Amino acid sequence: MQRHTTQPRHNWQAAVEGLGFGFHSTDVPYWDESAYYSLSMEEVLFIERATAELWTLCLDAVQHVIDEGRYAEFAIPEWIVPLIERSWTEDHPAIYGRFDLCYKDGQLKLLEFNADTPTSLYEAGIVQWFWLQDFAKDKDQFNSIHERLIAYWKYLKSYLHDGPLHFSCLKETLEDLTNTEYLRDCAMQAGLDTKLVFVDDIGWDQDSRQFVDMEDAPIRNIFKLYPWEWLLEEDFGRHIPEDSNRAYWIEPAWKMILSNKAILAVLWERNPGHPYLLPAYFEPNGMTDFVKKPILGREGANVHIVRGGELEQFVNGQYGKEGYVFQQLFELPEFNGRYPVIGSWVIGQEPAGMGIREADGLVTDNKSRFVPHLIDG
């Protein structure tokens, strides 16, 4: 994998805005086409195989957590456990997830798995693809995200309850809305009846014991770009187990296990020495070079980097009360002060493509840039 600097397209802002990508810049650029990464086909196939294997390991880990009832280690409250187990046993519909991977010196390691509310899907599936058409249309990308989304929505259609599939996120969150509407558009192309309802506007009808949208229509299927752990902290979430419609929530409740960084310790416990995993535990366990991560955290907040037993870096944030996991430090590759993380997508149980986020340090945070890629050779 190599990093190349290049000249951005003339008037690139208008080009990406024309695709509906309105959050390309804040106080710092988020979409960055002044550079791109090139990978060989062999490297792409390696990432694809690793992604498929990691997904298999994750499903095994979920089964283990359920079989052994290890919910306390994940800070999952007991009242939601029956729904988690029912959603797993009944194979409730799931659509996607994103593995964050470090690829360095021919080695590939799982850093974490964004299994419930992963974003950067639109950038990976659409924006970087159109960049490639303008920049080097004779080249290819590891990117079948769009086609796989449509195909899997078609597949899931027969598994959903009667009625529309609602799509939901918080109001006034442009990034979340863009990703939600992209997924909704793919579902519409797959022939599904859809409706948008913001999380803030979902109602609960106490008499009929069902969730309703702004038109008082029942919600029987709902895609939510809203974390399960936030739902569980709200009075709203307490109604989910008593919903008379037994609505399908996408991602399903069992994804609470995979979207929790405690899964990293379980994966290592189940697969010690696996080449795609890093040693991870619920305590430092004798490690002197490690990353301490909150089991429920976002955008690098509350991450501690410890080297030689001494704290080297700490990122402020509001997470950590539920506990931490300790993962062996495996430094990201450096390209002139830039540190890329590969986000490898699983859609419909299959590897589907990748996006690259680039930070100015070892912690990928909310100011990290999205940099496109292509396959070269």
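In what follows, the structure referred to is the one given above.
Remember, it's a predicted structure, so these values are computed and weren't measured experimentally.

Rules behind the numbers
- For every chain, the first residue of the written sequence is number 1, and numbering continues from 1 onward in sequence order.
- Restriction of local features to residues with pLDDT of at least 70 applies here, the model being predicted, together with a cutoff of 80 or more for giving and counting side-chain atom pairs; totals for whole chains, interfaces and linings are based on all residues.
- Hydrogen atoms and water are omitted, and side-chain values are computed over all heavy atoms in the structure.
- Here a strand is any run of E in DSSP of at least two residues, a helix any run of H or I of at least four, and the numbering for each starts at the N terminus.
- Exposed residues in this analysis have more than 50% of their type's maximum accessible area, buried residues have under 20%, and partly exposed residues fall in between, with area computed by a 1.4 Å probe over protein chains only.
- Contact between two residues is taken to exist if any of their heavy atoms lie within 4.5 Å; hydrogens are not considered.
- Identification of polar contacts relies on pairs of N or O atoms within 3.5 Å, with a donor-acceptor requirement for protein atoms, meaning one able to donate a hydrogen and the other able to accept it, and with residues adjacent in sequence counted only if both atoms are side-chain atoms.
- For two strands to be treated as a pair, DSSP must find at least two bridges joining them.
- Between the N-to-C directions of two axes lies an angle of 0 to 180 degrees, each axis being a line fitted to C-alpha atoms and, for a helix, fitted only over the stretch in contact.
- Handedness of each helix crossing follows the sense of rotation of the near helix against the far helix: counterclockwise by less than a right angle gives left-handed, clockwise gives right-handed.
- When residue character is reported, Ala, Val, Leu, Ile, Met, Phe, Trp, Tyr, Cys and Pro are called nonpolar, Asp, Glu, Lys and Arg charged, and the others, Gly included, polar.
- Between Lys or Arg on one side and Asp or Glu on the other, a salt bridge is scored when a side-chain nitrogen of the former is within 4 Å of a carboxyl oxygen of the latter.
- Only buried residues count toward a nonpolar core, which is a set of Ala, Val, Leu, Ile, Met, Phe, Trp, Tyr and Cys residues joined through side-chain atoms within 4.5 Å.
- Note: domain ranges come from an automatic or database domain assignment.
- Pairs of cysteine sulfur atoms within 2.5 Å are identified as disulfides in what follows.

Colleague: Any chance you could explain the environment of Arg369 here in plain terms?
Modeller: One can find Arg369 in strand β18 (residues 369-371). Among the residues examined, Arg369 registers a relative accessible area of 11% and is labelled buried. As a C-alpha pair, Arg369 and Asn179 span 190 residues in sequence and 17 Å in three-dimensional space. Here Arg369 is in contact with Pro29, Tyr30, Asp32, Arg338, Ile356, Arg357, Glu358, Ala359 and Asp360, once residues within four sequence places are set aside. A distance of 2.9 Å separates polar atoms of two side chains, one belonging to Arg369 and the other to Asp360.

Colleague: Is there a simple way to explain the sheet that holds strand β16 (residues 339-347) in this structure?
Modeller: Across a sheet, strands are paired by hydrogen bonds formed along the backbone, either parallel or antiparallel in direction. Read from one edge to the other, the open sheet built from five strands follows the order β4-β3-β16-β17-β18, with strand pairing classed as antiparallel. In this open sheet, the two edge strands, each paired with only one partner strand, are β4 (107-114) and β18. Along the sheet, successive strands turn relative to each other by an average axial angle of 35°, direction set aside. Examined bridge by bridge, β16 and strand β17 (residues 350-359) share nine bridges and lie antiparallel to one another. Considered in β17, the bridge of Ile342 is made with Ile356.

Colleague: I'm lost on the sheet that holds strand β2 (residues 35-39) in this one. Help?
Modeller: Spatially, β1-β2-β19 is the arrangement adopted by the three strands of the open sheet, whose pairing is mixed. Each edge of the sheet is formed by a strand with only one pairing partner; in this case those strands are β1 (2-5) and β19 (373-375). For this sheet the average axis-to-axis angle between neighbouring strands, irrespective of direction, equals 30°. Sitting on the sheet, helix α2 (residues 41-68) is in contact with β2 and β19, with an inclination near 85° to β2.

Colleague: Sorry, what's going on with the packing of helix α4 (residues 121-136) against helix α6 (residues 174-189) here?
Modeller: Geometrically, a packed helix pair is captured by the angle between its two axes and the distance between the axes. Taken N-terminus to C-terminus, the directions of α4 and α6 make an angle of 65°; their axes are 9 Å apart at the nearest point. The interaxial crossing formed by α4 with α6 has left-handed handedness. Where α4 approaches α6, its residues Leu121, Tyr122, Glu123, Gly125 and Ile126 are matched on the opposing element by Glu175, Thr178, Asn179, Tyr182 and Leu183. The class makeup of the residues in the contact of α4 with α6 is five nonpolar, three polar and two charged.

Colleague: Would you take a moment to explain the pattern of salt bridges for this structure?
Modeller: Should the charged atoms of two oppositely charged side chains come close, the side chains can pair. On inspection of all chains with the given rule, the structure shows 24 salt bridges. Note that Arg70 and Glu73 form a salt bridge whose closest N and O atoms lie 2.6 Å from each other. Of the residues examined, Glu73 reaches a relative accessible area of 30% and is grouped as partly exposed. Through salt bridges with shared partners, a single ionic network connects Arg3, Asp32, Glu358, Asp360 and Arg369.

Colleague: What's the story with the side chain of Asn221 in this structure? I'm lost.
Modeller: Tracing the backbone through its elements, the reader meets Asn221 in strand β9 (residues 221-224). From its side chain, Asn221 meets the backbone nitrogen of His161 in a polar contact 2.9 Å long. Not counting the four nearest positions on each side in its chain, Asn221 is found in contact with Leu160, His161, Asp162, Gly163, Pro164, Leu165, His166, Ala247 and Tyr248.

Colleague: Help me understand the environment of Phe335 in this model?
Modeller: Tracing the backbone shows Phe335 in the loop between β15 (324-328) and β16. Measuring from C-alpha to C-alpha, the distance between Phe335 and Asp360 comes to 9.8 Å, with 25 residues separating the pair along the chain. With near-sequence residues (within four places) excluded, Phe335 lies in contact with Met1, Gln2, Arg3, Tyr37 and Pro340.

Colleague: Honestly, the pairing of β2 in this entry has me stumped. Any pointers?
Modeller: Residues in a regular strand project their side chains so that they alternate between the two faces of the sheet. Of all five residues in β2, five are buried, a share of seventy percent or more. Burial along β2 is two-sided: the face carrying Ala35, Tyr37 and Leu39 and the face carrying Tyr36 and Ser38 are both buried. By the bridge criterion, four bridges tie β1 to β2 in an arrangement that is antiparallel. What sits directly across from Gln2, in β2, is Ser38.

Colleague: What should I look at first to understand the nonpolar core in this one?
Modeller: In globular proteins that are soluble, nonpolar side chains generally tend to be buried together. By size, the foremost hydrophobic cluster in this structure holds 73 residues, and its most contacted members are Ile76, Ile84, Phe99, Trp228, Trp249, Ile257 and Leu258. Both domains that furnish three or more residues to this core are identified here as domain 1 (2-259 + 333-375) and domain 2 (279-328). Apart from the residues lying within four places of it in its own chain, the contact partners of Trp249 are Pro93, Phe211, Ile222, Lys224, Trp228, Leu231, Phe236 and Ile240. Grouped together as the second largest cluster of nonpolar side chains are 42 residues, Ile95, Ile150, Leu156 and Cys186 included.

Colleague: Would you take a moment to explain the state of the cysteines for this structure?
Modeller: The bond known as a disulfide is covalent and runs between the sulfur atoms of two cysteines. With the rule as written, the count across this model stands at zero disulfides. You can see Cys102 has no disulfide; the closest cysteine sulfur is in Cys58, sitting 17 Å from it. Distance from the sulfur of Cys186, which forms no disulfide, to the nearest cysteine sulfur (Cys169) is 15 Å.

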